[in-house]
Amino acid sequence: SVLCIDDDTELLKILARKLSLDGYAIRTAFNRQTIVAELQKRPPPHLILLEVVLPDISGFDLLQKLRQHPRLCSIPVIMLTGHVTPESVLHGMANGADGYVSKPFQFEALGFKSVIGRTRTAPAVATERLRFGLVSCSSYAHGFFNAYAFLAKRADIDAVLHLGDYIYEEDDQA
């Protein structure tokens with residue numbers, strides 16, 4: 001199993017869904033209490049994905065505690081963060097992390113990779129107009145982010161502005 005530790009519960013849902021679709025058994029934790037509860041369960045996880053910035057414990061401190069624990073010390077730990085600096089990577093790796101992954105993640109589905117970090121600068125010359133596409137919170141259950149695909153195909157839009165940072169998953173099966 002994979003234990004995903006992050007205080008962003010929406011991201012935990014996305015990670016759990018993606019990894020479970022890939023065949024992994026997923027466990028999640030988002031604060032000190034849920035982390036302790038998950039780490040006390042038997043059997044221990046085979047892998048831990050650990051956010052560096054947590055509300056009530058540092059991911060680095062938790063990594064250090066894991067490496068000192070007789071039963072948990074050999075579990076591979078991959079650090080996750082959106083705040084990647086050379087110093088934080090070195091700190092994590094020096095303290096026993098097995099890997100370091102920066103957020104946002106890039107996923108592959110149906111033969112396509114998600115696009116991240118693609119930007120384009122507005123023309124330097126004066127323009128009469130710029131057309132913007134506005135997007136906000138997305139629902140995984142209502143079309144695999146089809147609004148983004150629709151906007152990406154339009155040639156008349158100069159920029160897309162994302163107004164929210166959460167992606168909602170809803171269970172419409174009930």
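Details of the structure are given in the entry above.
Summary of the structure given here. (Residues numbered from 1 in each chain as written. Predicted model: local features only at pLDDT ≥ 70, side-chain atom pairs only at ≥ 80, totals over all residues. Heavy atoms only, no water.)

A closer look at the nonpolar core
And step 1. One finds I5, I35, L39, I48, L50, L62 and M79 to be the most contacted residues of the largest nonpolar core, which totals 20 residues.
And step 2. Those elements that place two or more of their residues in this core are β1 (2-5), α2 (32-40), β3 (47-51), α3 (59-68) and β4 (77-81).
And step 3. Residue contacts for I5: discarding those within four places in its chain leaves L12, A29, I35, I48, L49, L50, E51, L54 and L62.
And step 4. Core analysis: the second largest hydrophobic core is formed by 8 residues, V2, C4, L19 and L49 among them. (Core = buried A, V, L, I, M, F, W, Y, C linked by side-chain atoms within 4.5 Å. Buried < 20%, exposed > 50% of the residue type's maximum accessible area, 1.4 Å probe, protein only. Helix = DSSP H or I, 4+ residues; strand = E, 2+ residues; numbered from the N terminus. Contact = heavy atoms within 4.5 Å.)

Remarks on the sheet that holds β4
And step 1. Strand order in the open sheet formed by 5 strands is β2-β1-β3-β4-β5, with parallel pairing between adjacent strands. Among the strands making up the open sheet, the edge pair consists of β2 (26-29) and β5 (99-102). Geometrically, the sheet is characterised by an average inter-axis angle of 20° between neighbouring strands, direction not taken into account.
And step 2. Of the strands in this sheet, β1, β2 and β3 touch α2, which is tilted by about 145° from β2.
And step 3. Against the sheet, α3 contacts β1, β3, β4 and β5, and its axis sits at roughly 175° relative to β4. (Pairing = 2+ DSSP bridges. Axes fitted to C-alpha atoms, helices over the stretch in contact; angles between N-to-C directions.)

Describing the environment of A29
And step 1. With respect to the helices and strands, A29 occurs in strand β2.
And step 2. Through-space distance from the C-alpha of A29 to that of D8 is 9.8 Å; in sequence the pair is 21 residues apart.
And step 3. With near-sequence residues (within four places) excluded, A29 lies in contact with L3, C4, I5, D6, L12, T34, I35 and E38.

Some remarks on the pairing of β3
Within a regular strand, side chains alternate between the sheet's two faces.
And step 1. Counted residue by residue, β3 has 4 buried out of 5 residues, so it is predominantly covered.
And step 2. Pairing of β1 with β3 involves 4 bridges; the strand directions are parallel. Bridge assignment links I5 to a residue of β3, and that residue is L50.
And step 3. Examined bridge by bridge, β3 and β4 share 4 bridges and lie parallel to one another. When the sheet's bridge partners are listed, L49 is paired in β4 with I78.
And step 4. For the crossover from β3 across α3 to β4, the handedness is right-handed. (Right-handed = clockwise from strand over helix to strand, strands pointing away.)

What about the pattern of salt bridges?
And step 1. Counted by the stated rule, this structure contains 6 salt bridges.
And step 2. As a salt-bridge pair, D98 and R67 come within 2.8 Å of each other at their nearest N and O atoms. Of the two residues, D98 sits in the loop between α4 (86-94) and β5 while R67 sits in helix α3, which places them 31 residues apart along the sequence.
And step 3. Accessibility expressed as a relative area gives 22% for R67, which makes it partly exposed.
And step 4. When salt bridges with common partners are traced through the structure, they connect R27, E38 and K41 into a single cluster. (Salt bridge = Lys/Arg side-chain N within 4 Å of Asp/Glu carboxyl O.)

Some thoughts on a nonpolar patch on the surface
And step 1. On the surface, a nonpolar cluster with roughly 400 Å² of combined accessible area is contributed by L130, F132, L134 and L161.
And step 2. Among the structural elements, L134 can be located in strand β8 (residues 132-135). (Patch = residues over 30% accessible without salt bridge, like charges linked within 9 Å, V, L, I, M, F, W, Y side chains within 5 Å. Areas by Shrake-Rupley, 256 points an atom, 1.4 Å probe, with all protein chains shown as cover.)

Overview of the side chain of T81
And step 1. Relative to the helices and strands, T81 resides in strand β4.
And step 2. You can call T81 buried: its relative accessible area is 1%.
And step 3. Setting aside anything within four residues of it in sequence, one finds T81 in contact with E51, V52, Y100, V101, S102 and K103.

Section: the side chain of D6
And step 1. Within the secondary structure layout, D6 lies in the loop between β1 and α1 (9-21).
And step 2. Here the side chain of D6 touches D8 through a polar contact of 2.9 Å, landing on its backbone nitrogen.
And step 3. Discounting residues that sit within four places of it in the chain, D6 has contacts with L11, L12, A29, F30, E51, L54 and K103. (Polar contact = N/O pair within 3.5 Å; in protein donor to acceptor, adjacent residues only side chain to side chain.)

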